[in-house]
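Spelled out from the first residue to the last, the chains are:
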Amino acid sequence: MSSFFNRLIVGVVQLMPKATVRYFSSRYIAGERLSDAVDVSKELNKNRICATIDVLGEAVTTKEEAVQAKNECLKVLEAVSKFRVDANLSIKPTQFGLSIDEEFCLQQVLEIAEKAAKVNNFIRLDMEDSPYTTKTFELLKKARKQYDNIGVVVQAYLHRTYDDVVELNKIGTNYRLCKGIYVEPASIAYKGKQEIRDNYLKILDLMLKNGNYVGIATHDLYLVNAAKELIARYEIPKNKFEFQMLLGVNEDLRDKIAAEGYKIRIYVPFGEHWYKYSIRRLQENPEVAGHIFKNIFGVR
Ligand code: FDA
């Protein structure tokens, strides 16, 4: 689909009534309540698929909002433990005040990490747009001095990522590797489909050879197959990697990976901020609008 067409769809989507946006985004979002995320995760667990739960929201403007978001995350960790859900937690640093006060944000993240450690769980720092890349790595490094149950996401579309991984490997980081979803300038990011894939595999190769734990996050069959080849070539043990996908995307591939005996984890977002999240995702990446349009109208 042409980028012009995708942009047109984004424009149209913004004019749609909220109920319509809710309709087409529902397959990507567990629901508004924590119990929805628990139910969806438990359903996945029945098929031996793990989850990572995300409380929807990002870029808060007040500390009160950040504290509220942290409290929600503490509740998620409590519920996951109480209901014996096989799920960890993904968090967006700007949701905990990264753009307001870095030290304050660190304290919020440490509280979440402490709770996660108590219930034997793990948290993942999602990676946001490029103004926050360095700040997120700094946050990770500081937090990991106190807790090792924290990992980070790196984006294969950024030119800097290979060098970042070389640097982060010195502190033994747990990674999720994804292509990257934000619209970044060509001066700092690869734009071509194949060059992003090539960089993804170059980084994955480095991580696997270095013995890092990697969440291989993609729905791209080409990358899934290439990752399987690397895993076989280096004889990577099963406790050193997992595949990861988003809720509602390419479920056939998800089930195939699970049936082959690989560990797979699904990103399960929930919360009342679903509307802003859905619209923002569409604005940030018109490609997603194209996917949605195809899903609704069956366009191939
Ligand atoms: P690609 O976009 O080429 O998609 C491959 C195929 O998958 C498509 O052809 C299509 O069939 C299908 N597909 C992909 N997305 C779809 C959608 N939304 N709806 C329907 N079909 C779709 N990014 C980031 O910047 N920071 C982060 O922290 C994260 N976190 C994260 C966690 C997890 C678990 C995943 C899977 C992804 C992320 N991402 C992310 C998003 C990631 O960067 C990337 O934008 C998407 O995964 C899409 O890239 P693919 O590798 O799937 O390839």
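Structure first, text after, so check above.
Basis of the calculations
Residues numbered from 1 in each chain as written. Predicted model: local features only at pLDDT ≥ 70, side-chain atom pairs only at ≥ 80, totals over all residues. Heavy atoms only, no water. Axes fitted to C-alpha atoms, helices over the stretch in contact; angles between N-to-C directions. Helix = DSSP H or I, 4+ residues; strand = E, 2+ residues; numbered from the N terminus. Parallel < 35°, antiparallel > 145°, perpendicular 65-115°, else oblique. Contact = heavy atoms within 4.5 Å. Buried < 20%, exposed > 50% of the residue type's maximum accessible area, 1.4 Å probe, protein only. Arc of directions from axis to C-beta. Pairing = 2+ DSSP bridges. Phe/Tyr/Trp six-rings, centres within 6.5 Å; stacked < 30°, edge-to-face > 60°. Lys NZ or Arg CZ within 6 Å of the ring centre and 35° of its normal. Polar contact = N/O pair within 3.5 Å; in protein donor to acceptor, adjacent residues only side chain to side chain. Expected span 1.5 Å × (residues − 1). Near = heavy atom within 4 Å. Areas by Shrake-Rupley, 256 points an atom, 1.4 Å probe, with all protein chains shown as cover. Nonpolar A, V, L, I, M, F, W, Y, C, P; charged D, E, K, R; others polar. Core = buried A, V, L, I, M, F, W, Y, C linked by side-chain atoms within 4.5 Å.

Moving on to the packing of helix 4 (residues 63-82) against helix 5 (residues 102-118). Where helix 4 meets helix 5, the closest approach of the two axes is 9 Å, and the angle between their N-to-C directions is 10 degrees. Relative to helix 5, the element helix 4 is oriented roughly parallel. Residue-level inspection shows Lys 63, Ala 66, Val 67, Lys 70, Cys 73, Leu 74, Leu 77 and Glu 78 of helix 4 in contact with helix 5, the latter providing Phe 104, Gln 108, Glu 111, Ile 112, Lys 115 and Ala 116.

As a further point, take helix 10 (residues 251-259). Looking at helix 10, one finds that the buried residues are Leu 253, Arg 254, Ile 257 and Ala 258. Along the long axis of helix 10, the arc covered by the buried residues comes to 135 degrees, so they all point the same way. Turned more than 90 degrees away from the buried face of helix 10 sit Asp 252 and Ala 259, all of them exposed. Packed against the buried residues of helix 10 are helix 3 (34-46), helix 9 (221-233), strand 7 (241-246) and strand 8 (264-270). At the C-terminal side of helix 10, Gly 261 shows a positive phi close to 95 degrees.

Spatially, 1-2-3-4-5-6-7-8 is the arrangement adopted by the eight strands of the closed barrel, whose pairing is parallel. Strand-to-strand, the axes of this sheet are offset by a mean angle of 30 degrees, without reference to chain direction. Relative to strand 8, strand 1 (residues 50-55) is paired through six bridges, and the arrangement is parallel. From the neighbouring strand, Asp 54 faces strand 8, where its bridge partner is Pro 269. Helix-sheet contacts for helix 3 involve strand 1 and strand 8, and the interaxial angle to strand 8 is about 165 degrees.

The next subject is the packing of aromatic side chains. For the coordinates displayed, the defined rule picks out three aromatic pairs. In textbook terms, an aromatic cluster arises when at least three aromatic residues are bridged by ring pairs, as seen for Phe 241, Phe 243 and Tyr 262. The positively charged end of Arg 27 is found above the aromatic ring belonging to Tyr 28, 5.6 Å away from the centroid. Between Lys 202 and the ring centre of Tyr 162, over which it is positioned, the NZ or CZ distance is 4.6 Å.

Next up on the list: the side chain of Asn 212. Tracing the backbone through its elements, the reader meets Asn 212 in the loop between helix 8 (193-210) and strand 6 (214-217). Within the structure, the side chain of Asn 212 is placed 3.2 Å from the side chain of Asn 169, a separation counted as a polar contact. Residues within four places of Asn 212 in sequence aside, it is in contact with Asn 169, Gly 172, Thr 173, Tyr 175, Leu 206, Met 207 and Lys 240.

Helical geometry: 3.6 residues make up each α-helical turn, so side chains three or four residues apart lie on a common side. For helix 6 (residues 133-144), built from twelve residues, the straight-helix expectation of 16 Å at 1.5 Å per residue is met to within 8% by its first-to-last C-alpha distance of 16 Å. What helix 6 keeps buried is the set Thr 133, Thr 136, Phe 137, Leu 139, Leu 140, Ala 143 and Arg 144. All buried residues of helix 6 project into a common sector of 155 degrees when viewed along the axis, lining one side. Residues of helix 6 that are buried in the fold lie against helix 5, strand 3 (123-125), strand 4 (150-155) and helix 7 (161-168).

Not every one of the 23 residues close to the ligand is listed here, only the nearest: Met 127, Lys 179, Gly 180, Thr 218 and His 219. One of the side-chain nitrogen or oxygen atoms of Tyr 28 is found 3.1 Å away from a nitrogen atom of the ligand. Within the backbone of Gly 180, an N or O atom sits 2.6 Å from an oxygen atom of the ligand. Notes on the ligand: free accessible area 930 Å², of which the protein chains cover 82%. Among the elements of the structure, strand 4, strand 5 (175-178), strand 7 and helix 12 (286-297) are those that each provide at least two residues to the shell around the ligand.

All right, on to the packing of helix 7 against helix 8 then. For the pair helix 7 and helix 8, the least separation of the axes is 10 Å and the interaxial angle reads 10 degrees. In terms of axis orientation, helix 7 runs roughly parallel to helix 8. On the side of helix 7, the interface is formed by Thr 161, Tyr 162, Val 165 and Val 166, while helix 8 contributes Lys 202, Ile 203, Leu 206 and Met 207. Among the residues forming the contact of helix 7 with helix 8, the class breakdown is six nonpolar, one polar and one charged.

If you look at the biggest cluster of nonpolar residues, it comprises 81 residues, and the most contacted ones within it are Ile 91, Ile 123, Val 152, Leu 177, Leu 204, Ile 216 and Phe 243. Of the residues forming this core, the biggest block, eight residues, is contributed by helix 8. When sequence neighbours within four positions are dropped, the list of residues in contact with Leu 177 reads Val 154, Ala 156, Tyr 200, Ile 203, Leu 204, Met 207, Val 214, Gly 215, Ile 216 and Ala 217. Judged by nonpolar contacts, the second largest core, of six residues, contains Val 21, Tyr 28, Leu 56 and Trp 274.

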